[in-house]
Amino acid sequence: MSKDPVSIKELAKGNKDFRREAVTGKHSQIVLMCLEPGEAIGEEVHGGNDQIFVVAKGSGEAVVAGASQSLEKGSMLLVPAGTPHDIRNTGSKRLRLVTIYSPPHHAPGTVHRTREDAMRAEAHEH
């Protein structure tokens, strides 16, 4: 991706991959996510990364440290490092998210087309 300004809204709306790294800097990273209806990220914890979720399109539910809250287009959610969390698509259409990690979490160029691809890749990382 170039250093010229881009429309994150258009990138997010056009993404159909479960996880796609968009841009990575020294201290932060933007990753696009797309959850199909009924799909969830699965509970996870990032010990060394704060994570910010922004809903570009769709609706869903976030469960952060056991507390549930609804998500809708335009919602933003900060998940501090070390906090268990899950994002679920509770709507009838794709849930498209922009995720900001600080510091970066995924290798530049990461693309996981499906959740299953992501789980396989993460199993090899550990």
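Here the structure is shown first, and the text comes after it.
What counts, and where the lines are drawn
- Residues numbered from 1 in each chain as written.
- Predicted model: local features only at pLDDT ≥ 70, side-chain atom pairs only at ≥ 80, totals over all residues.
- Heavy atoms only, no water.
- Helix = DSSP H or I, 4+ residues; strand = E, 2+ residues; numbered from the N terminus.
- Rg over C-alpha atoms; globule rule 2.2 N^0.38 Å.
- Buried < 20%, exposed > 50% of the residue type's maximum accessible area, 1.4 Å probe, protein only.
- Contact = heavy atoms within 4.5 Å.
- Areas by Shrake-Rupley, 256 points an atom, 1.4 Å probe, with all protein chains shown as cover.
- Lys, Arg positive; Asp, Glu negative; His and termini not counted.
- Charge placed at Lys NZ, Arg CZ, Asp CG, Glu CD.
- Salt bridge = Lys/Arg side-chain N within 4 Å of Asp/Glu carboxyl O.

**Q** I'd like to hear about the overall build of the protein, residue by residue, with values.
**A** Helix and strand content of the protein: two helices and nine strands. Computed over C-alpha atoms, the radius of gyration of the protein comes to 14 Å, within 12% of the 14 Å expected from 2.2 N^0.38 for 126 residues, which places it in the range of a compact globule. Counting only C-alpha atoms and orienting by the principal axes, one finds that the protein spans roughly 35 × 30 × 25 Å. When the 126 residues of the protein are sorted by exposure, 38% land in the buried category. In the protein, once contacts between residues fewer than 6 apart in sequence are set aside, the share between residues at least 24 apart is 69%. On the protein, roughly 7000 Å² of surface is accessible, and the fraction owed to carbon and sulfur atoms is 53%. The average position of the 16 basic charges and that of the 16 acidic charges among the side chains of the protein differ by 7 Å.

**Q** Outline the pattern of salt bridges, listing residues and values.
**A** Two side chains of opposite charge can pair, provided their charged atoms sit close to one another. On inspection of all chains with the given rule, the structure shows six salt bridges. The shortest N-O distance in the salt bridge between E61 and R88 comes to 3.2 Å. Linking E61 in strand β4 (residues 59–64) with R88 in strand β7 (residues 85–88), this pair joins segments that are 27 residues apart in sequence. Salt-bridge contacts for D86 lead to R88; the nearest nitrogen and oxygen are separated by 3.3 Å. Exposure remark for D86: the relative accessible area of 7% places this residue in the buried category.

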